Amino acid sequence: MSEQVQSPFRVEESAAAKQELLGGPPMQKKKHKKRKASNGRLKKLWRRATTQSKGITSRKEWNEMLELHSDWKTSHQDNPDVSDDPMMGSLPGPAVILSKEPSQDFTNMKNWQATEGSDHRDIILNLIFRQSSSDGAGDGIQKKKKRKLGASGREPMRQSSLINAPTLPSWSNIRNLSGMGGLAVIEICIEDCDPGSPCPLMPSERVKDVTDGKKSPWTTLFGNTNIDTNSDSKVQRSITACKVKLFQGNKHPRCLSDVLMFLPPPVASSEHDTKKQSVDVIDAIYDLRLTPKQMRYEGYPFISGQEESSTDDNKESVENKISAYSKSDVDEMSTDVALDLIKTVSVEVSFGDDDEHVVDHTECEHYVKTFSRNKDASPRRPKIFAIDCEMVQTKANMELARVSVIEYVEGNGNEGDEEKNILVLDELVKPRRDVLDYLTHYSGVTAKMLLDVKTRIESIQLLLLSLIHEEDVIIGHSAENDLRALRLVHNNIVDTSVVFRGDNGRKYSLKHLSNVLLQRQIQNGCGSSGHCSREDAEASLVLALRRAKHGSSFRLKESVKHQNVLDVFQKSKGGDHTSDGNSSESSFAERNERSSVCIGPNDWLTGRSVGNGSQHLLSCESILSSMAMAVPSWLASKKPSRAGMLWAKLICEGCREGFKNELKKQDEIIDSLVTNVSTDTPILVIFQRNYLKANALTLQRKAATNPKATCVWSACQEEEWKQYMSSCRNCEALWIGSSCQQQTKS
């Protein structure tokens, strides 16, 4: 046979095929197509971020834009054809704008927005605590997600951050809220200036630099011109100028910090709503359940590790057998048989954040978890149980001595049926070890009561497993102690000590809650007869039912305390307060990992408890102090340790000779802010005049107008007081953010 010679054309074809496999023209075409799609997506997101009134509201889409923009900028950095493309400049960022006409010529004072002091506080709260949407607007089209329903058939309530952001003022809007990377609030307080004359340190006077053609940072800011930055691009800053009526009336002046820094007190109703409401109690109780994160924090027992996915036929048959037991079946059962059954269905547990509890791993004590209802069983709504246990002291710490379980019975709508319940279990339990202390003044249990008792904890566990299923709800007061005593794991818990926890984090005793909210006296053993577990279980049940019916208005009255915005921000920092842990829906306060910084006079830092929990407090007594430049320094975009939240108070003395030094320093600070601060950090600069003088005159006037006073308050003094009050009340504010129009250096 003659040797076959391969055709040269065949060689070329195989080489071409090999080249295709290794990344030839077809693969290049695929890469080009993918790059084109990415560029199209980037342009779409960029257009939304720079043209729509709300910009991008989804954190997920914002991160997507950042990634696409970084890749695009890297691939086009050497391309001269795109040097003038806006996307080669700095990224757009969040900004506070007017809702009707975002772009205004604020060199004309007629265009300044008239606002209230509380408006700016509400904007600050929205910037910090409002959560980004999960999926964004999508060019005005809201995507619908299929919502997961809870065991009760309702959508589970989603827990937000520590506070709920208020409604934005009608005149304002926040563009690109999802792009928040920082926030700065700078109070400039001008003292001792003539209340009847314009103050050259106020923004309304600095606007004249623009109209007069002077070169200053204010000309750059108000003139809407490009600002040179330390990066390779120029950026325009957006500005929203406002006239601010800081407070109402003439009763007493208020300073900027009092209005902006403290949350409004909650509206406390004198009495809870006692009107009959059509509330589905089961669903409402489900909304009060502890989240898994809360259960771990409170130290509830939970199954450690991951449960085996494979089904143990023996264990499953034992579970079905236990679920069918009646009380008589358990009563007739020997202790050894009960123990063997409990061993078969036992689980290993952990105890969340509570490290004080030590599990007794002896052979005779095992934790069990409530079973899910049999799939073949007829469907029913979840049941509501309330539990309370009494314990005694033994050699192995605390052991169960009595357990009471009551079940809520849904009424027929008749008067008095709303809180009906029946007793389903009330048993004394013999501890396994010798009792050291019966704790009668707490437990109500005596040695005589337990003398003839033969019931062990294993029998109680069997009764509970046959009675309570995984889908049912257990109500209790600090019920983690009861579940530990019962060696029971259950996930649907309503803990009245948590439900009625005070704003300061304090837990109230069941006796106090029952006395104040239910007008019911419990635990009146006076140190001799102790508690009654049935009575305590019923009190917990009624408290939970009334809270479910009347809502959050059914609560203890607490002394109204003003919460500091910085304190709440610090508590939220880096935390996840959502029930599902979805960081794409978190607020800036929850995402932030950077430090908080407060800069101002010592009396301001200490007198208003500024910075409780903040990491940095810097003293700055005057704007002329070298420490004043720490304000823009802490916000510098290239600084790795830049502040996530900065609040500063800078003092100017408006009538002092040489106030031009203050003008110069003010210009230096403003120039550094607009030049060096990242576009992801909106800035509020707000100005107030003569607060200290207005406050001093108000106190003098109050003393002089007292009928018992001997001093006189003249008409001239009254006129002077009115002028100072007016200058103190009428403030000016500038919101500095990222402009949607950005250009590069030519």
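Since the structure is predicted, the reported quantities are computational estimates derived from the model, not experimental observations.

Cut-off values and rules
Residues numbered from 1 in each chain as written. Predicted model: local features only at pLDDT ≥ 70, side-chain atom pairs only at ≥ 80, totals over all residues. Heavy atoms only, no water. Helix = DSSP H or I, 4+ residues; strand = E, 2+ residues; numbered from the N terminus. Buried < 20%, exposed > 50% of the residue type's maximum accessible area, 1.4 Å probe, protein only. Contact = heavy atoms within 4.5 Å. Axes fitted to C-alpha atoms, helices over the stretch in contact; angles between N-to-C directions. Parallel < 35°, antiparallel > 145°, perpendicular 65-115°, else oblique. Left-handed = near helix turned anticlockwise from the far one by under 90°. Nonpolar A, V, L, I, M, F, W, Y, C, P; charged D, E, K, R; others polar. Salt bridge = Lys/Arg side-chain N within 4 Å of Asp/Glu carboxyl O. Pairing = 2+ DSSP bridges. Phe/Tyr/Trp six-rings, centres within 6.5 Å; stacked < 30°, edge-to-face > 60°. 1 Å grid on protein atoms, 1.4 Å probe; cavity = no way out; pocket = protein on both sides within 12 Å on 5 of 7 lines; lining within 4 Å. Points joined across faces, edges and corners; volume = space filled by probe spheres on them. Polar contact = N/O pair within 3.5 Å; in protein donor to acceptor, adjacent residues only side chain to side chain. Arc of directions from axis to C-beta. pLDDT = per-residue confidence, 0-100.

1. Some points on the environment of Glu 407
Then, number 1: Here Glu 407 lies in strand E13 (residues 397–408).
Then, number 2: In this structure Glu 407 comes out as buried when scored by relative accessible area, which is 14%.
Then, number 3: With 24 residues separating them along the chain, Glu 407 and Lys 383 place their C-alpha atoms 7.5 Å apart.
Then, number 4: Dropping the residues within four chain positions of it, Glu 407 is found in contact with Lys 383, Ile 384, Phe 385, Lys 420, Asn 421, Ile 422 and Val 424.

2. Description of the packing of helix H13 (residues 335–344) against helix H15 (residues 457–467)
Then, number 1: Taken N-terminus to C-terminus, the directions of H13 and H15 make an angle of 55°; their axes are 9 Å apart at the nearest point. With respect to their mutual orientation, H13 and H15 come out oblique. You can see that H13 and H15 cross each other, and the crossing is left-handed. Residues Thr 335, Ala 338, Leu 339, Leu 341 and Ile 342 of H13 touch H15, and the partners they reach there are Glu 458, Ser 459, Gln 461, Leu 462 and Leu 465.
Then, number 2: In terms of residue class, the contact of H13 with H15 is made up of six nonpolar, three polar and one charged.

3. Notes on the pattern of salt bridges
Then, number 1: The tally for this structure, following the rule as stated, stands at 21 salt bridges.
Then, number 2: Notably, a salt bridge pairs Glu 61 with Arg 41, separated by 3.5 Å at the nearest N-O pair. Of the two residues, Glu 61 sits in helix H3 (residues 59–76) while Arg 41 sits in helix H2 (residues 25–51), which places them 20 residues apart along the sequence.
Then, number 3: The class of Glu 61 is buried, set by a relative accessible area of 7%.
Then, number 4: Of the residues examined, Arg 41 reaches a relative accessible area of 23% and is grouped as partly exposed.
Then, number 5: Salt-bridge contacts for Lys 208 lead to Glu 205; the nearest nitrogen and oxygen are separated by 3.0 Å.
Then, number 6: Residue Lys 208 is classed as partly exposed on the basis of its relative accessible area, which comes to 42%.
Then, number 7: It is possible to trace a salt-bridge network through shared partners that takes in Arg 41, Arg 48, Glu 61 and Glu 64.

4. Focus on the sheet that holds strand E9 (residues 346–347)
Sheet strands associate in pairs through backbone hydrogen bonding, adopting either a parallel or an antiparallel arrangement.
Then, number 1: Strand order in this open sheet of three strands is E9-E11-E17, and the pairing throughout is mixed. Strand pairing shows two members of the sheet lacking a second neighbour, E9 and strand E17 (488–489), which therefore form its edges.
Then, number 2: Packed onto the sheet, H15 meets strand E11 (367–369) and E17 and runs at close to 10° relative to E11.

5. Re the packing of aromatic side chains
Then, number 1: Counted according to the given criterion, the structure contains three aromatic pairs.
Then, number 2: Ring centres 5.8 Å apart and planes at 70° place the aromatic pair Phe 351 and Tyr 367 in the edge-to-face group. Taken together, the positions of Phe 351 in the loop between strand E10 (349–350) and E11 and Tyr 367 in strand E11 put the pair 16 residues apart, joining distant regions of the chain. The burial state of Phe 351 is the same as that of Tyr 367; both residues are buried.
Then, number 3: Plain terms: the ring middles of Phe 500 and Phe 554 are 5.9 Å apart, the flat faces sit at 75° to each other, and that makes the pair edge-to-face.

6. Some thoughts on the pairing of E13
Then, number 1: Along E13, ten of the twelve residues are buried, which leaves the element largely enclosed by surrounding structure.
Then, number 2: If you look at the hairpin formed by strand E12 (residues 384–394) and E13, you'll find two residues sitting between the two strands.
Then, number 3: Inspection of the sheet shows E13 paired to strand E14 (residues 421–428) by seven bridges, in the antiparallel sense. The residue bridging Arg 402 from the neighbouring strand is Leu 428, located in E14.

7. Notes on empty space enclosed by the protein
One water molecule sets the probe size; rolling that probe over the atoms shows where empty space is left.
Then, number 1: Under the counting rule described, the total for this entry stands at two cavities of 30 Å³ or more.
Then, number 2: Along its surface, the largest cavity is lined by Glu 365, Met 398, Glu 399, Leu 400, Val 429, Lys 430, Pro 431, Arg 432, Arg 456, Ile 457, Ala 485 and Arg 487.
Then, number 3: A total of three residues in the lining of the largest cavity trace back to one element, the largest contributor, which is E13.
Then, number 4: Of the residues assigned to the lining of the largest cavity, the class counts are six nonpolar, no polar and six charged.
Then, number 5: Counted as a void, the second largest cavity has a volume near 40 Å³.
Then, number 6: Taken together, Ile 186, Ile 188, Ile 623, Leu 650, Gln 666, Ile 669, Ile 670, Leu 673 and Val 685 form the lining of the second largest cavity.
Then, number 7: Broken down by secondary-structure element, the contributors of at least two residues to the lining of the second largest cavity are strand E4 (183–191) and helix H24 (660–676).

8. A short note on the side chain of Ser 443
Then, number 1: One can find Ser 443 in helix H14 (residues 440–443).
Then, number 2: Residue Ser 443 is classed as buried on the basis of its relative accessible area of 2%.
Then, number 3: Polar side-chain contacts of Ser 443 include one of 3.1 Å to the backbone nitrogen of Val 445.
Then, number 4: For Ser 443, the residues in contact, after removing those within four places along its chain, are Glu 390, Met 391, Tyr 438 and His 531.

9. Examining the sheet that holds strand E7 (residues 237–245)
Then, number 1: Strand order in the open sheet formed by eight strands is E2-E7-E23-E22-E4-E21-E19-E20, with mixed pairing between adjacent strands. The open sheet has two edge strands, strand E2 (113–116) and strand E20 (616–619), and neither has a second partner. Between one strand and the next, the sheet's axes are offset by a mean angle of 20°, whatever the strand orientation.
Then, number 2: Strand contacts of H24: E4, E7, strand E21 (645–653), strand E22 (683–689) and strand E23 (730–738), with the helix running at about 160° to E21, the strand carrying the most contacts.

10. Digging into H13
Then, number 1: Buried within H13 we find Ala 338, Leu 339, Leu 341 and Ile 342. The buried residues of H13 all sit within an arc of 160° when viewed along its axis, so they share a single face.

11. Quick look at the pairing of E7
Then, number 1: Most of E7 is tucked away: seven of the nine residues are buried.
Then, number 2: As paired elements, E2 and E7 share four bridges and run parallel to each other. Its bridge partner being in E7, Glu 116 is matched across the sheet by Lys 245.
Then, number 3: Pairing of E7 with E23 involves nine bridges; the strand directions are antiparallel. Among the inter-strand pairings, Cys 242 is bridged to a residue of E23, identified as Ala 733.

12. Remarks on the confidence of the model for the protein chain
Then, number 1: When pLDDT is averaged along the protein chain, the result is 80; 78% of the residues meet or exceed 70.
Then, number 2: The model gives residues 1–13 a pLDDT under 50, and that stretch makes one contact with residues more than four places away or in other chains.
Then, number 3: Contacts for the low-pLDDT stretch residues 576–582, under 50 throughout, to residues beyond four places or in other chains number 17 contacts.

13. Here's the deal with the environment of Thr 57
Then, number 1: Along the polypeptide, Thr 57 turns up in the loop between H2 and H3.
Then, number 2: Note on Thr 57: relative accessible area 22%, which makes it partly exposed.

14. So, unusual backbone geometry
Backbone phi values are negative for most residues with the exception of glycine, while trans is the configuration of most peptide bonds.
Then, number 1: A positive phi angle, near 60°, is found at Asp 192, a position not held by glycine.
Then, number 2: Inspection of the secondary structure puts Asp 192 in the loop between E4 and helix H5 (203–206).
Then, number 3: For Asp 192, a relative accessible area of 43% corresponds to the partly exposed category.
Then, number 4: Of note in the backbone geometry, Leu 439 takes a positive phi value of approximately 50° without being a glycine.
Then, number 5: Within the secondary structure layout, Leu 439 lies in the loop between strand E15 (435–437) and H14.

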